[in-house]
Amino acid sequence: MVNRNYLPKAIGPFREWVTGFFITLALIYDKLLIPKEVYEALLLNKTVWDNADAAAENPATATSHVKNERRRVMGVFSSQIRVFVSEYVSHNHLLTPLQRADLGLLPINPHSPIPPPTKVPRVQFDTSVPGQITVICSGSDETRWGMERDARGYEWCSAILPAPPKDISELTHSEVSTRAHHTRTFTLGQRGGTLYSVFRWENGKGEKGPWTEVFTTVIP
């Protein structure tokens, strides 16, 4: 099946796509058993587009009305191409993958699934303000100060404990931040306590990455 996201929306790239499509189609339409009259009807539609495009590109005729008419014709022609491709190409068992690519029927922006994070955040702590801890989570060296590529944010699990935790499940306070800098405020009674924390990236689907080591911070 052909992905519908194959036609460029900008006029210049659309013009180039049409040229390549019809060069290839002229060579293979009979091999795909596409009726000649159907192919020739599409050629006539192309002539209408070519004329509208030429008028809009010609300084002597390129009025705003002519340019708007080219845009309208482009929309109509795009629909005609999609109907043709859907009826005679998309499910054509004679079409090879190479021919599909030569026709320009591969998606312009193919869907790329976001994988679960595989790296851990680089974490810095700022305890310069009494009663507050600010964390700065950044990506790997490649992304420098931004969050890890494909991460929408990070999870911060923590707990104020008298001794280091033996298991992450003891870090019962969880927050998710979509900003690299995140600040938590503590009560007067919590100040001086020891906060144990772990962090991990989260992507747009809510999938989590691996935990960092356990960080130890005295609440200022």
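Residues numbered from 1 in each chain as written. Predicted model: local features only at pLDDT ≥ 70, side-chain atom pairs only at ≥ 80, totals over all residues. Heavy atoms only, no water.

Enquirer: Can you tell me about the packing of aromatic side chains, naming the residues and giving the values?
Expert: Under the definition given, this model contains 14 aromatic pairs. Geometrically, the ring pair formed by phenylalanine 14 and phenylalanine 77 is edge-to-face, given 6.3 Å between the ring centres and 85° between the ring planes. With phenylalanine 14 in helix H1 (residues 11–28) and phenylalanine 77 in helix H3 (residues 64–88), this residue pair connects regions lying 63 residues apart in the sequence. Taken individually, phenylalanine 14 and phenylalanine 77 each receive the classification buried, so the pair is uniform in this respect. Through successive ring pairs, a cluster of aromatic residues spans Tyr6, Phe14, Trp17, Phe21, Phe22, Trp49 and Phe77. (Phe/Tyr/Trp six-rings, centres within 6.5 Å; stacked < 30°, edge-to-face > 60°. Helix = DSSP H or I, 4+ residues; strand = E, 2+ residues; numbered from the N terminus. Buried < 20%, exposed > 50% of the residue type's maximum accessible area, 1.4 Å probe, protein only.)

Enquirer: Give me the lowdown on the sheet that holds strand E3 (residues 151–160), citing residues and values where you can.
Expert: Strands sit in the order E4-E3-E6-E7 across an open sheet of four strands; the sheet is antiparallel. Sheet topology places strand E4 (173–177) and strand E7 (215–218) at the edges, where each strand pairs with a single neighbour. Shown here is a sheet whose adjacent strand axes are inclined to one another by a mean of 30°, direction ignored. Looking at chain direction, strand E6 (residues 194–203) and E7 are connected through four bridges and run antiparallel. By the bridge assignment, tyrosine 196 is partnered in E7 with threonine 216. (Pairing = 2+ DSSP bridges. Axes fitted to C-alpha atoms, helices over the stretch in contact; angles between N-to-C directions.)

Enquirer: Explain H1 to me, using residue names and the numbers behind them.
Expert: Compared with an ideal rise of 1.5 Å per residue, which puts 18 residues at 26 Å, H1 spans 26 Å between its outermost C-alpha atoms and is within 8% of the ideal. Residues Ile11, Phe14, Trp17, Val18, Phe21, Phe22, Thr24, Leu25 and Ile28 constitute the buried set of H1. As for H1, its buried residues are in contact with helix H2 (36–57), H3 and helix H4 (97–102). (Expected span 1.5 Å × (residues − 1). Contact = heavy atoms within 4.5 Å.)

Enquirer: An account of the pairing of strand E1 (residues 122–126) is requested, with residue identities and associated values reported.
Expert: Of the pairings in the sheet, the one linking E1 to strand E2 (residues 132–138) comprises five bridges and is antiparallel in character. The partner of valine 123 across the bridge, within E2, is cysteine 137.

Enquirer: Any chance you could break down the sheet that holds E1 for me, citing the residues and the numbers?
Expert: Ordered by their spatial adjacency, three strands build an open sheet running E1-E2-E5, and the pairing between neighbours is antiparallel. Since the sheet does not close on itself, it has two edges, and those belong to E1 and strand E5 (181–185), each with one partner. Recorded for the sheet is a direction-independent mean angle of 20° between the axes of neighbouring strands.

Enquirer: So, the nonpolar core: which residues are in play, and what are the values?
Expert: Counting 27 residues, the largest nonpolar core has Phe21, Leu25 and Ile81 as the members making the most contacts within it. Counting only elements with at least two residues in this core, the list comes to H1, H2 and H3. For this core, the leading source of residues is H1, giving eight residues. Leave out the neighbours within four places in its chain, and leucine 25 touches Ile34, Tyr39, Leu42, Phe84 and Leu103. (Core = buried A, V, L, I, M, F, W, Y, C linked by side-chain atoms within 4.5 Å.)

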